[in-house]
Every structure is written in structure tokens, then in C-alpha cells.
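Residue strings, one per chain:
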Amino acid sequence: MNLPSTTAHLHPEELISSNRFGTFFGVTQQVFDTVWKNLTNSAGNSVAYVSMEIGADPDVFHPLKDLLEQQNISESSDPKLNALLQKYLYGPRKIPNYSGGLGVLAGDTLKSFADTHIPALAISLLYREGYFSQIVDSKVGQIDHATCWTPEGTPTLFQLRDPQSPDQPLTIAIPFYNGQHKPTLIKAQVWMKMEIAGRLDYFVPEFLLDYSLPDAPVWIRESAHQLYNAKSIIIKANQRRMLGSAILPLLDSLGFTCGTIHLNEQHGVTVSLHLILQELQNTFGETFPETITDDDVLAAAERVSHKIVYTIHTPVKAGHDRFARDVYSAISHKAFQRILNLLAHDEETIHEYNFTAMAMRINRAINSVSRLHRDVTKKQFPAFSHKIKAITNGVHHLTWISENRACCFDQTPSLQNWRDDPGCFVSTPNHELPLLASALQDAWNRDNRLLIGYINAMLRSHREEMVETWIDPPNYLSSLPESDWLQPGVFTIGFARRFSTYKRADLIFDDIGRLSDILIKNNWPVNFLFAGKAHPADEPGKYVLKLILDNQEELYQRSNGLGKLIFIPGYDMHVAKLMVAGVHAWLNSPKRPLEASGTSGMKAAMNGVPNISIMDGWWVEGYHDGQTGWKFGYEGPVDDADLSEDPDALLYSEDASAFYELLPSVLGMFYAQPQQYLARALNNLRLNIPIFNTHRMAAEYIEQYGLQLDPQTQDTIDRFRSLYQSEQSLG
Ligand SMILES: *Cc1c(COP(=O)(O)O)cnc(C)c1O
């Protein structure tokens, strides 16, 4: 149980709080009131964090549920409390509002804000069909279907009530200008999830806007169901408006005064159009004349820009929204078109509005997500290069460190405070290392057995499903006797992330003959575990996924059964957590420099698991001259870097070859020199946990926000910030 052992006895009736927007379960009234007061203060001393997706599934991190279980609280004689408790303990826990790293990062960030008591809230959309659920058939590849879930049945979601008529849900009205001067007001309801601190003494509310209402117009409803629905460019544009245009109305109707809006990627950037429009109306009157000049518009933009902090997450084209001018003009306000013409023009194509360019122009701070990515971003956007700083990503250590590893840290005297201070790993004294090493090895073995058990159970259920359905099991091993399935203790390498072509999931299978020869020559068994989803409209991504399936039998046969490649369908945070703790090495094989940061490798590092990675994204900072893992492949200067995602420009055979040259030394060490292998794991704890945690990252963001914090919180933030300075030149 990933919990501090010193928490005082819990009285569940004290965990009910309420205000004019409803009754909530999870924190005390006092905590609730403190948070609400911080978000409504007249000084505007708080942040609204805006993200298209938020991944914070309570099935991987659930401090309150752990505590209730630890204290054996499972029912109450008060019927109302009992109903809340039953729903909380046994209700479905998934909130499928994320597609990958961007959303998981958002969730991890909010958890760290909560742990460090930062006055912040988050805004996102609620997707009643989630992103999508993945079935995998060995002949067909990925099959996607709508995710089945209901916010109504989810215990950690609360629908806000209308203070005027509490038996009705709160409805807010969001302006959409579809070419008219006066807006159409579209209704949305609001769900709140509390991102509760590990110690239950603070929370960050996440507001999810639900536009799927029975009387919503069709054009809204078709855009509301599914995250990153790409059926048409209009649906995509509408989704962006549904996020960006709702920010000010949501803050207004709840009375929040946030002085800073943090755009986690540019998806919500239309909020800037509304801020500028408001500014023009305030200066020139409600129906400001068409005679205002371009300079008036630019001056208004300049005045609102101090409210915006912007994080750019990728150099890859698909991450940046461009809309044809005529398409977007048809759905916007006349004044918006003028703002867009001045501030969203695209350097390459005059016929498009570029939302990344707009986000670059209207803000008080821009950050990239690693040092290398900062240099790439400067190269991509030279006009803003003076403004672009690095804040390297992190992960929430309390979420991603496995229970077995947590027990191991709890037993180590110098790590007693690891939950509150991920920096404490820097200074493990030498005399503690032997004991920590053997405890870590035990925990690792346990996590490996859990993972292998999970896979073998999956293979069994696929085999049974095959008899009952038309699905061909995704894994070749399902067709073999169970004795040929996975064994714990066999070197297991993991790869799991979205299937985008630049991530090159298939890289290490470029030459299966060569790979097999390495295993056969030394009689080394190896498990290759792969998972991930391709966006339903990403045909090349789905093709790579299918290639992975197709490679399974060939690898098995050519390596005489030593190489076992397994695909785990339905990648989510739960599978991620099992994998990053249970494998022996984490593989990352993107085309440098297209992986801006990557965070799954950090989750592995949190558990001591070494990375084997291309020198890209965070690994440039986490590699520490080989003390923490291995590098391979092209690492030429960014200035000459080719940012193309063309299949021909992906450097497959060069980088694959570098992997084959490296692999024997990794396997040799694992099988013949386990102490040396373990030393690399310990180095990950010592060198990487203190850097790649979201407490440190949040502390760097908070510097951009310019918040006034109470002295104790400020101290904590300063301490985390002193762990690492992302903004430092490379090499
Ligand atoms: C961490 C995580 C990711 C991000 O992985 P990258 O290696 O950064 O691409 C994607 N999906 C899930 C479910 C994750 O937990």
C-alpha cells in the first residue's frame, strides 16, 4: 500500500463536504473551504491549468481508498454515508479521458500541485466514449470501438449542482460565433474530480465539461463524444473551441479568479481570442467600431498576454493545429478573424491559421519539455527563440513507484521521507547500499512475477475467447502449450506508448535474423513486451502495430523459442504501471529529435529500471554517462537534424544496427554480472528520481506563474526547485 504509515485515524463522516455547488466525498469541509477560498480570492492568486486530456485514473493512485482499506472502513450505519462509501470503494474507477503521455503528464502535474498545496484548478472536456478501446486481432490488427463508461456511475466524479435550484445540474453557457456577430450560447454541464493529495490535506479540482446534453445541436454532439475525434476538420475545430471558449464562462460561473491560465499544449488557445475580445470591448465599448486599427488589436493582445503560460509538447506536425482560413472564418466572429489574421498567420502556408503560432505570440512564458526539445523548438520557431525555456517533464513518483518498491524504500532509514521529498534519494549513505540493493532486487523479482503472471493469464483468456468469438488472439504464444509461455526471471524488455510512426515500435525487429542470432549464440532467452494504441485515423501507426503482431512467430521460430514477443492490448495507466515495475529494461527507440520528452522511461527509472534508449528527449538528461542505462543510435547535432517524419527519413537500419551492437553487452551483464546490473538500478534511484519527478517540475512551473505562496509552501517549492535546473545549456 503506497501510503505513509503515520496517518491519524480516519472518520469517514468527516470526509463529506459541501458548498452551494453540491456535496462531495473525499476531503474534510475545512480542506474543501481552504481550496475554494484560494481559488476565489480577489487577488487572482491561482492558476487554471487547461488540457485537452487528463489521465489520472484512480485505479493506479488512490490515497483515500488505500486509507479506508488500511483502517478497515468499509461501511457505515448512516445510510447516506454508507452509499457514498460503497460507491467509493467498489465503483468503477476508470476515467478514460486521455490518449497518452500528454494526458498522463497533466494528471501527474495536478497530483503534484495537490501534494504541494498549490492554488490551482484544471479544465478539460468530458468524453462519453473516452478516446477508444482497443481490441487486437492477429490477422486484422487494431480494432477500435467506443469506450463504455458513465460519469454518473464513477465514484470520483461529482456533477456540480445549480445553486439557484439544487436539484438541477449546473449549466453554463458558452459562446460560439458561427460567422454571426452575436454568439450562439451552447450549454455544458460540469463534472468535478478532486485530485486529492497523498495526505488528504489538499486537493486540486478538475472540471470536465460535458457537452453531450439531450438538447445539444448535432454539430456539438458529434464533437463531444470522443477525444481527438478526427472525422472532419470541423469536428476538430469545434473540439478546440469547446475547450478554449469555455474557460472564461466556467471561471465566471464558479466565481474563480485565476490570474494565470496555463495552456498544456495549444489546444485551448481560443481562450486568447475571448480575452482579446473582452479587452477591446472594455476599451472601445461593447460594439467597438470597425475603425479600430491593427495596432489597437495588437495592444489588446499584449495586455492579455501576461495571463497566459504556454507549454509546447512536440515538434511533430500532428500535435499542432492548423485550420484553413476559410473554414475557420465561417465559424468565428469578425473580430476573431482580425485577431487571427494578425496573430495566427502561418509562415509556411498563407491559407491557414496556425494555432501554435498564436500560442507562441500571446503569452508571458513559453516552455518546452526537455533541454533538447527546447533547442529543437527554437529551431522550429526562431522568431520566439528568446522566449523559449526548458522545463523538463517529470512523473508523479507516488503514482508510479510500485507497492513492492515502496515497501523497500520504507525499510531504508535514509529514505523515510521519500513520499514527501523525492530528492532524498540523492544522499543515500554508502553503508545503506548493500541492504537497499538486496531489498530492491527482491521487490523487482516480485514485480516481475506479477507482470509475468498477468501476461500468462491474458494469454489464457485470449485462448478461451477465441473459442467463443471470432477474434484471433493477438499473440502467437496463445497457440502454443502453456509450458512455452513466459517464465519469471527471463530478461524482459518493455516498450509501451502510443503507436506513432516516429516512435518506431518496430525498430528492433528490422533484422529479425540478426536479433535471433544474438540470442541463439549465447543461449539467452528474452521476452519482448509491447503495448500501445494507434489513433484510429493513423493508418501508418496501425500498420506498425500490425507489423509487431506479424513478427511474433518469425522471432520465435528463428530464435529457437528464445525470443518471445508479446503484444498487450488495451494499453492504459494500469498496464503501464505493471510494465514499468516488472520489466528488466525499458526500451525507447524514437527518431531523434522527435521525442520531445517521453515520460514512460521516467516511470521505469522511478522503480530503478534502466532504460535502453535513443539519445532523445529526457534521456539526454537522464543518461548520466551510462550510469543509469544504455544509449544507441544517431545522436548528431540538432542544428542538422531532420524533422521529417517521412518513412524514408526515419533512419531505421542505422539505428537498428546500433541496437544489435549494444544488446549483447546488456544481456551479458544481466545474465553474468547481476551485481553490476543492479548497480545501474541503484543509480536510477539516486540520480533520476530526484530530477524526473513532477514535484520538481511543478516547482519550476510555479516560478512561471508568479504566485504569492505562504512561507511554508514557498519553502517546499524552493527545495524542489533546487533539485535541478532544467534551463541549462546542453553540452
Ligand atoms: C506514461 C504513459 C504514456 C507516455 O509514454 P511515452 O513513452 O512518453 O510516449 C502513454 N500512455 C500511457 C497509458 C502512459 O501511462
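Please read these numbers as outputs of a predicted model, since none were measured by experiment.

## Examining the overall build of the protein chain
Along the protein chain, the regular secondary structure elements total 25 helices and 22 strands. Overall size of the protein chain, expressed as C-alpha extent along the three principal axes, is 80 × 65 × 55 Å. Here the protein chain, with 731 residues, has 62% of them falling under the buried criterion. The long-range share in the protein chain, meaning contacts at least 24 apart out of those at least 6 apart in sequence, stands at 75%. Carbon and sulfur atoms make up 51% of the accessible area of the protein chain, which amounts to about 26800 Å² in all.

## Looking at the sheet that holds strand 21 (residues 611-614)
Reading across the sheet, the six strands line up as 19-18-17-20-21-22 and stay open at both edges, with parallel pairing between neighbours. On the outer flanks of this sheet lie strand 19 (563-568) and strand 22 (629-632), each paired with one strand and no other. Taking each pair of neighbouring strands and ignoring which way they run, the sheet shows an average axis angle of 20°. Bridge count between strand 17 (residues 491-496) and strand 20 (residues 585-588): two bridges; the pairing is parallel. The residue bridging Ile-493 from the neighbouring strand is Ala-585, located in strand 20. Against the sheet, helix 22 (residues 652-672) touches strand 17, strand 18 (526-531), strand 20, strand 21 and strand 22, its axis set at about 160° to strand 22.

## Focus on the site of the ligand
Around the ligand sit 15 residues in total, of which Arg-497, Lys-503, Thr-599, Ser-600 and Lys-603 are the nearest. Thr-599 is positioned with one of its backbone polar atoms (N or O) 2.7 Å from an oxygen atom of the ligand. The separation between an oxygen atom of the ligand and a polar side-chain atom of Ser-600 is 2.5 Å. Protein chains shield 96% of the accessible area of the ligand, which is 390 Å² for the free molecule. Secondary structure elements with two or more residues in the shell around the ligand: helix 4 (101-115), helix 19 (573-582) and helix 20 (600-606). Taken together, the residues of the shell around the ligand sort by class into six nonpolar, five polar and four charged.

## Let's talk about helix 22
Here helix 22 spans 30 Å end to end across 21 residues, near enough to the 30 Å set by a 1.5 Å rise per residue. Along helix 22, the sharpest change in direction is near 30° and occurs at Leu-662; proline Pro-664 comes one to four residues later.

## Topic: helix 17 (residues 512-522)
When helix 17 is considered as a whole, its buried residues turn out to be Ile-512, Gly-513, Leu-515, Ser-516, Ile-518 and Leu-519. Looking one or two residues beyond helix 17, the residue adopting positive phi is Asn-523, at roughly 55°.

What counts as what
- Residues numbered from 1 in each chain as written.
- Predicted model: local features only at pLDDT ≥ 70, side-chain atom pairs only at ≥ 80, totals over all residues.
- Heavy atoms only, no water.
- Helix = DSSP H or I, 4+ residues; strand = E, 2+ residues; numbered from the N terminus.
- Buried < 20%, exposed > 50% of the residue type's maximum accessible area, 1.4 Å probe, protein only.
- Contact = heavy atoms within 4.5 Å.
- Areas by Shrake-Rupley, 256 points an atom, 1.4 Å probe, with all protein chains shown as cover.
- Pairing = 2+ DSSP bridges.
- Axes fitted to C-alpha atoms, helices over the stretch in contact; angles between N-to-C directions.
- Near = heavy atom within 4 Å.
- Polar contact = N/O pair within 3.5 Å; in protein donor to acceptor, adjacent residues only side chain to side chain.
- Nonpolar A, V, L, I, M, F, W, Y, C, P; charged D, E, K, R; others polar.
- Expected span 1.5 Å × (residues − 1).
- Bend = angle between axes of the 7 residues up to and from the residue.

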